[in-house]
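Fold and contact review
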Amino acid sequence: VTARRAAILVAVAAGWAAAAWFLWRSSLPAYRLPHLSETVLFPAKALHEAQSYGFGAQLFWLGGTLTQLVVLGIYSRYGVRWMKESAAGPVGTGMLLGMIGFALVWAAQLPFAVLSVWWDRHNGLPGSYLAATVGNWLLLGSEFVALSFALAVAMNLARVRRIGDRWWIPAAPVVVAITLLLAFVGPWLLPSHSLHAGYVTPLENTEHVHVPVRVMSGTQEPNAFATGLGPSRRVFLWKPILEPPFTRRDDRFVLAHELGHLAHNHIWKSIGWDALFTVPLAFLLALVARRRGGMGTPEAIPLVIFAYVVLSLAALPLRNVVQRHMEAEADWSALRATHDPAAGEELFRHFVVVTRDDPSPPWWDYVFLENHPTALQRIEMMRYWKENYAAAQSP
Amino acid sequence: VEPHPDRLSVTDDGRRSRAAVFFRVFLVIPHWFWFGLWSIAVFFVAIAQWLVILVRAQPAAGPHRFLERYVRYTLHVSAYLFLACDVYPPFGGRPGYGVDIESIEPERQGRLGAFFRLVLAIPALLLTATLVGWGGGVRGGAYGFYFSFFTVVGMCSLFSWFVSLALGRSPLQLRDLSAYALGYSAQVNAYCLLVTRRYPNTDPTALLATVARPPAHPVRLEGDAAALRRSRLTVLFRLPFAIPHIVWLYLWGYACNLVAIIDWFVTLFRGRSPRWCHQFLSRYVRYQFHVGAFLSLAANPFPGFVGAHGSYPLDLVLPAEPERQNRWKTGFRIVLVLPAFLIAATLQFLLVIAAICTWFASLVTGSAPAGLRNTMAFGLRYYAQSSAYLYLLTDRYPNASPLEGTDPPPPPRVPDPVWDGPGDDAQVEDMPADEPETE
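Rules and cut-offs
- Note that residues are indexed from 1 along each chain, following the sequence as it is written.
- The order in which chains are written sets their letters, starting at A; the order in which ligands are written sets their numbers, starting at 1.
- Where totals are concerned, whole chains, interfaces and linings use all residues; where local detail is concerned, this predicted model gives features only for residues with pLDDT of at least 70, and gives and counts side-chain atom pairs only at 80 or more.
- Water and hydrogen atoms were dropped before computing side-chain values, which therefore reflect all heavy atoms in the structure.
- Segments assigned H or I by DSSP are reported as helices when at least four residues long, segments assigned E as strands when at least two residues long, and all are numbered from the N terminus.
- Atoms counted for the radius of gyration: C-alpha only. Globule rule: 2.2 Å times residue count to the power 0.38.
- Accessibility here uses a 1.4 Å probe with only protein chains present; expressed as a share of the type maximum, an area under 20% marks a residue as buried, one over 50% as exposed, and anything in between as partly exposed.
- Two residues form a contact once any of their heavy atoms are found within 4.5 Å.
- Surface accessibility in these figures is a Shrake-Rupley result with a 1.4 Å probe; residues are shielded only by whichever protein chains are displayed.
- Positive charges come from Lys and Arg alone, negative charges from Asp and Glu alone, with His and the N- and C-terminal ends not counted.
- Here the site of a charge means NZ on Lys, CZ on Arg, CG on Asp, or CD on Glu.
- Geometry of aromatic contacts follows a simple scheme: Phe, Tyr and Trp rings, the Trp one being its six-membered ring, pair when their centres are within 6.5 Å, and the pair is stacked under 30 degrees between planes, edge-to-face over 60, tilted otherwise.
- Either the NZ atom of lysine or the CZ atom of arginine qualifies as a charge over a ring when it sits within 6 Å of the ring centre and within 35 degrees of the ring normal.
- As used here, the term nonpolar core means buried Ala, Val, Leu, Ile, Met, Phe, Trp, Tyr and Cys residues forming a set that is joined through side-chain atoms within 4.5 Å.
- In this description, a line fitted to the C-alpha atoms serves as the axis of each element, helices being fitted only across the stretch in contact, and the angle between N-to-C directions of two axes falls anywhere from 0 to 180 degrees.
- Any angle that falls under 35 degrees is termed roughly parallel, while one over 145 is termed roughly antiparallel, one within 65 to 115 roughly perpendicular, and all others oblique.
- Left-handed is the label given to a crossing in which the near helix is rotated counterclockwise from the far helix by less than a right angle, and right-handed is the label when the rotation is clockwise.
- Asp, Glu, Lys and Arg are counted as charged, while Ala, Val, Leu, Ile, Met, Phe, Trp, Tyr, Cys and Pro are counted as nonpolar; the rest, among them Gly, fall into the polar class.
- The buried area of a pairing is the accessible area, by a 1.4 Å probe, that goes missing from both parts when the two are put together, added over both.
- Only one rule defines a salt bridge in this text: a Lys or Arg side-chain nitrogen within 4 Å of an Asp or Glu carboxyl oxygen.
- Whenever two N or O atoms come within 3.5 Å, that pair is a polar contact, provided that in protein one can donate a hydrogen and the other can accept it, and provided that, for residues adjacent in sequence, both atoms are side-chain atoms.
- By definition, two strands form a pair when at least two bridges between them are found by DSSP.
- As defined here, a cavity is a set of points on a 1 Å grid over the protein atoms alone where a 1.4 Å probe fits but cannot get out. A pocket is an open set with protein on both sides within 12 Å along at least five of seven lines, and residues line them when an atom is within 4 Å of a point.
- Grid points are joined across faces, edges and corners, and a volume is the space filled by probe spheres set on the points.
- Only residues above 30% relative accessible area that lack a salt bridge enter a patch, with like-charged residues linked at up to 9 Å and the nonpolar side chains Val, Leu, Ile, Met, Phe, Trp and Tyr linked at up to 5 Å.
- For every residue, the pLDDT score states the predictor's confidence, bounded by 0 at the bottom and 100 at the top.
- To get the bend at any residue, fit one axis to the seven residues that end at it and another to the seven that begin at it, then take the angle between the two axes.

**What about the overall build of chain A?**
Scanning chain A from N- to C-terminus turns up 14 helices and 5 strands. Radius of gyration (C-alpha) of chain A: 23 Å, near the 21 Å computed for a compact globule of 395 residues. Taken over the C-alpha atoms alone, chain A extends approximately 65 × 50 × 40 Å along its principal axes. In chain A, buried positions account for 46% of the 395 residues. For chain A, restricting intrachain contacts to residue pairs at least 6 apart in sequence, the fraction spanning at least 24 positions comes to 75%. Taken as a whole, chain A presents about 19400 Å² of accessible surface, with 65% of it coming from carbon and sulfur. The average position of the 32 basic charges and that of the 27 acidic charges among the side chains of chain A differ by 12 Å.

**A short note on the packing of aromatic side chains**
Residue and element names in this part refer to chain B. Counted under the stated rule, the structure contains 44 aromatic pairs over all chains. With a centroid separation of 5.7 Å and an interplanar angle of 15°, the aromatic rings of Phe-35 and Tyr-70 are classed as stacked. One end of the pair, Phe-35, is in helix α3 (residues 29–56); the other, Tyr-70, is in helix α4 (residues 61–81), with 35 residues separating them in the sequence. Across this residue pair, the class does not change: Phe-35 and Tyr-70 are buried. When the ring centre of Tyr-389 is taken as origin, the NZ or CZ atom of Arg-333, which lies over that ring, is 4.3 Å away.

**Some words on the nonpolar core**
Core analysis: the biggest nonpolar cluster contains 145 residues, and Trp-167 and Met-295 of chain A together with Leu-8, Val-99 and Phe-241 of chain B have the highest contact counts within it. It is helix α10 (residues 172–192) of chain B that contributes the most residues to this core, 12 residues altogether. The contact partners of Trp-167 of chain A, leaving out residues within four places of it in the chain, are Ala-154, Leu-157, Ala-158, Ala-282, Leu-285, Ala-286 and Met-295 of chain A. Core analysis: the next-biggest nonpolar cluster, separate from the first, contains 49 residues, Ile-267, Trp-332, Ala-343 and Leu-347 of chain A among them.

**Here's the deal with the packing of helix α14 (residues 275–295) of chain B against helix α17 (residues 370–390) of chain B**
Residue and element names in this part refer to chain B. Where α14 contacts α17, the axes come no closer than 10 Å and their chain directions differ by 160°. Accordingly, the angle class assigned to the pair α14 and α17 is roughly antiparallel. In the packing of α14 onto α17, the handedness of the crossing is right-handed. Seen from α14, the contacting residues are Val-285, Gln-288, Phe-289, Gly-292 and Ala-293; seen from α17, they are Leu-380, Arg-381, Tyr-383, Ala-384, Ser-387 and Ala-388. Looking at the contact of α14 with α17, its residues break down into 7 nonpolar, 3 polar and 1 charged.

**Here we look at the interface of chain B and chain A**
The interface of chain B with chain A comprises 20 residues on the first partner and 22 residues on the second. Overall, the association of chain B and chain A removes approximately 1700 Å² of surface from exposure, summing both partners, and the carbon and sulfur fraction of that is 79%. Of all residues in chain B, Leu-233, Phe-237 and Phe-302 of chain B bury the most surface against chain A, accounting for 32% of the area lost on that side. Inspection of the region where chain B meets chain A yields 1 salt bridge. Note that Arg-229 of chain B is salt-bridged to Glu-85 of chain A, the shortest N-O span being 3.1 Å. In this structure, the connection of chain B to chain A is made through 5 residue pairs in polar contact (both at pLDDT 80 or more). Every element with two or more residues in the side of chain B that touches chain A is listed here: α12 (232–236), α13 (238–270) and β4 (302–303) of chain B. In terms of residue class, the side of chain B that touches chain A is built from 14 nonpolar, 5 polar and 1 charged. Inspection of the sheet shows strand β1 (residues 86–87) of chain A paired to β4 of chain B by 2 bridges, in the parallel sense. For Ser-86 of chain A, the partnering residue across the bridge sits in β4 of chain B and is Phe-302 of chain B.

**Observations concerning empty space enclosed by the protein**
Counting across every chain of the model gives 3 cavities of 30 Å³ or more. Space inside the second largest cavity adds up to approximately 40 Å³. Across the lining of the second largest cavity, the residue classes tally to 2 nonpolar, 4 polar and 3 charged.

**Some words on a positive patch on the surface**
Taken together, Arg-270, Arg-272, Arg-324 and Arg-327 of chain B make up a surface patch of like positive charges. Within the fold, Arg-324 of chain B resides in the loop between β5 (314–317) and α15 (327–331).

**Considerations on the environment of Cys-192 of chain B**
Here Cys-192 of chain B lies in helix α10. Separated by 24 residues in the primary sequence, Cys-192 of chain B and Ala-216 of chain B place their C-alpha atoms 37 Å from one another.

**Focus: the confidence of the model for chain B**
Residues and elements named next belong to chain B. On average, residues of chain B score 86 in pLDDT, and 88% of them reach the 70 mark or higher. Low pLDDT, under 50, characterises residues 417–439; the stretch is placed with 66 contacts to residues that sit more than four places away or in other chains. For this predicted complex, the interface score ipTM comes out at 0.82, while the overall pTM is 0.84.

**Overview of helix α16 (residues 333–365) of chain B**
What sets the pattern is the α-helix's 3.6 residues per turn: residues three or four places apart point alike. Pro-339 of chain B marks where α16 of chain B bends most, by close to 35°. The first or second residue beyond α16 of chain B is Gly-366 of chain B, which carries a positive phi of 75°.

**Comments concerning the environment of Val-52 of chain B**
Among the structural elements, Val-52 of chain B can be located in helix α3. C-alpha separation for the pair Val-52 of chain B and Arg-111 of chain B, spaced 59 residues apart in sequence, amounts to 9.9 Å.

**So, the pairing of strand β3 (residues 213–216) of chain A**
All names here are of chain A. One ladder, built from 2 bridges, connects strand β2 (residues 193–194) with β3; its direction is antiparallel. Paired with His-193 across the two strands is Val-215, which belongs to β3. Across 4 bridges, β3 lies against strand β5 (residues 234–238) in parallel orientation. Along β5, the bridge assignment pairs Met-216 with Trp-238.

**Notes on the side chain of Thr-93 of chain A**
All names here are of chain A. Looking at the element boundaries, Thr-93 is found in helix α4 (residues 89–122). For Thr-93, a relative accessible area of 7% gives the class buried. There is a polar contact of 2.6 Å between the side chain of Thr-93 and the backbone oxygen of Gly-89. In this structure, Thr-93 is in contact with Met-83, Ser-86, Ala-88 and Pro-298, ignoring residues within four places of it in sequence.

**Here's the deal with unusual backbone geometry**
For the bond from Pro-244 of chain A to Pro-245 of chain A, the omega torsion is 10°, close enough to zero to count as cis. By the element assignment, Pro-245 of chain A lies in the loop between β5 and α8 (248–263).

**Overview of the sheet that holds β2 of chain A**
Pairing within the open sheet is mixed, and its 4 strands lie in the order β2-β3-β5-β4 (chain A). Unpaired on one side and paired on the other, β2 and β4 (224–227) of chain A mark the two borders of the sheet.

**Details of the side chain of Ser-170 of chain B**
For Ser-170 of chain B, the position within the fold is in the loop between α9 (152–167) and α10. Assessed through its relative accessible area of 3%, Ser-170 of chain B is described here as buried.

**A word on the pattern of salt bridges**
Residue and element names in this part refer to chain A. Scanning the entire structure with this criterion turns up 21 salt bridges over all chains. One salt bridge in this structure joins Arg-383 and Glu-345, with 2.8 Å as the shortest N-O distance. On the criterion of sequence distance, the pair formed by Arg-383 in helix α13 (residues 375–388) and Glu-345 in helix α11 (residues 341–355) is long-range, its members being 38 residues apart. Glu-345 sits in the buried class, given a relative accessible area of 10%.

Next up, the structure:
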C-alpha cells in the first residue's frame, strides 16, 4: 500500500511539476539585467521618502500579520465555544465559526488599519479612516459570502459518506470553476467609461489584442489592470494614472503592459496557477481537519481557518515569484509594442515619487509583499532593452 | 419594577359614523386651533417645570396637571383624527375618552435624568417618528397630518377610512394598531414633558394589556419569550454575518416567485395549493422570518439556511397542509395584499429603528430589551403573515393587531400588571412557547 501511495504521490508531483513548467513558459528572453544604483536613478529626497514610508508600511503589515496568526491560533483552540450561537445545523454552524474567526481578525487588525491610514496621510498619500473602519466592516460581508460558499461546498462534500475525507478532490475543481465564472463575469460588473485616446488602436493592432479599454473613477491611486476571459476581456485604467505627473507616453506604456497580459494569456495562466495551488492546499486542509473529526464537523473549522491562513502565508513567496514573472513578461511585451523604454523608465520613476514605492525594498518585503518586480528592476529592464534591442527594433 | 403609569385603555367599540368619518379632517379643525394655542402655553410651562424639577427633584402639582392634560388631549385628538375612536373629543383633556391613558400622579424625578431628558428621549422619538410621524399626530398641525400618512398610524387610518365608509365599522385590528402607535406617542410626550420619569415602553403586549385579543391566525409566532441573551460578538458583526443569508434569500426568492405563479394557477383551478408548492413556499416564508429575526436582533442564534420548523428560538407556525381557498380571493390576491404590504412597509421602518436601538443596547448589556424584542417580533410576524397571504399559504388576511391572536374567547378586560418594566423577561403573551405543533 505504501509503495502504491508513493507511486501515486510521485505521479501527482510529476503532473504538478509538468503543469507548472507549462504555465511558467513565457516570451521573456534569457536576459541578464544590468546592475544600477537607486541613489543614481532617484533624487535623494524621493528615495528617502519612499524608504521611510516603506519602513512604516512594512512594520504595520508585520504587526497585522502576526496579530492575525496569534488571534487565529487562539481561536483554533477556543473557537468552538461559539457553536452555541448557532441554530443552523453543522454546515451553517461551520459557516458561522468561519465568519467569527475572520471577524475577530478584522477587529484585532483594526488598529493597524487605522495606523496605516494615518501613515499614508502623514506621507501625503490618500487614505480614508471611514473606509478603513466602517467601509471595511461592510466589506466583510462580501468576504463572508465567499467564505460561506467555500465552507458550504467543502463541508457538504465531506458529509457525503462516500466522499468523506476525500472532499478535497471534488472541491478543488468546484473552486476553480467558481474562479473561472467570476473572472468571466467580473469585468461586466465594474463601473467604468471608455477611454478615447489615439494610441489605443495602434497598440491593440501591434499586440493583436482587441478589447475595450475602460477608465475607472473613484480611486486616488494610479494603477491599471487587465481582466476577463474571452468576450469579457478588458483593460481598466484607474483615473489618476491619466492625470499629471503621468504623461501620455506613460499611459501608452501602461496600456501596452496591460495588453501584454492579455496577449500572453496571463488571466488563464493565473487561474491555472490558482488551480495548482488549490489542490495541495485543499489536501493539506483535509489532513488538518481530520484532527478534529473531519471537514464535515463544525468543530474542525476554527483549526482549518488557522491552517488556511498559515498555508496561504507560506505559499505567498512562491505565488509572488509567479506573479512577478508574468509582470516582467508584460513589461517586456510593452517594450516590444511601444519601442519606448524612456517612457517606461519615466513611468516607474513617477511611481516611486507618487506612490512612495520603495525601489529596492528589504529581502523579506520582496519575498512576501512584492508581486511586481521592484521599480529598480523594471528600470534595469528598460535599460537592458534599450542597450540590446532598441537599435534592432526601432522603426 | 413598577408598571408603567400611562398604560392604554381602549373602550371604543369599532362603530363609526360614516358622515363623521367622511368629514373627519374638517371636523378636527377647531381642535387644531385650540391645540396650537395650548402648545404655546405648554412650551413655557414645560420649561418652568424643568427648572422646578432641577431644583426640587419633584414636579410642581399645578403644571403637572396642566401637562398631563395636554398629553391626554393630544392623544384624544390624534385618536379621533386617525379613526382609532369615533367620539368627538372634549377640549379639556379629561380622562374617560375611548382611547385614553391612565392618570399619572406627580412623582420624584432624578435631576440628571430631567436635565438630559430630550437627549435621552432621542431613541423613543425616532420610534415615534415611524409610528406617528415627525409631526407626532396632530402636533405638527396640518403638516404633521400629511407627514403622518407615511407612517404606521397614517396607513391604518387610510384603510380604516375606506372600510368605515363602506361598513360603518372600523376593523378592530387596525384600531388596535393605531391605538398602540398613538399610545406609545403619548408615553413619549409624557416623558419629554416631564409628566413621568419612566422611559416609554414599546412593548405592544404591555401597552395593550387591557385590550381584547383578536381571533387566532393560522400564521403565528412561537418561541422562547425569555430568550433575551445576545452574544455581543455576533451582535457587533450582525450585518456582515447576515449577508450570506441575504444573498441566499435573494436567490431563493427568484425560485419562489416562479413557484408562486404555478401555485396561483393551480389554486385558482383546483381551489387548493399543490402540496409541494405549499411546502416550498412555507419554507421560504419561514426562512425569511428567521433571517429577519436574526438581522433585526429579535433573536440571537445564526439561523439555518432551509427554513426548517422548530429550528429557531423565534419561530413561525404555518398551516401544515394546503387549505381550501376561496377562488375569488385567490384570483385577486395580488390586489388584496397591497394594503397589508403597505402597512408592513411602514412597520419595516419601525423594525429598522428598533433594531438599531437593540443593537446598541445589546452591545452594552448583552441582552435585548424585552419591549423592543416584542415590537420587532410583531413587525416580523405581520410581514410573514402578509407573505403567507401573498403566497397562498392561507387565505386569512394578516392580523394587523400588535397582539397575537388567541383561540378561546378573551377574558373581559383584566387590568393585570402584565408589563413589569424595561429589561423584564416576563413578556410571554406574544409568543406562546408551548402551543401544540401544527406542522
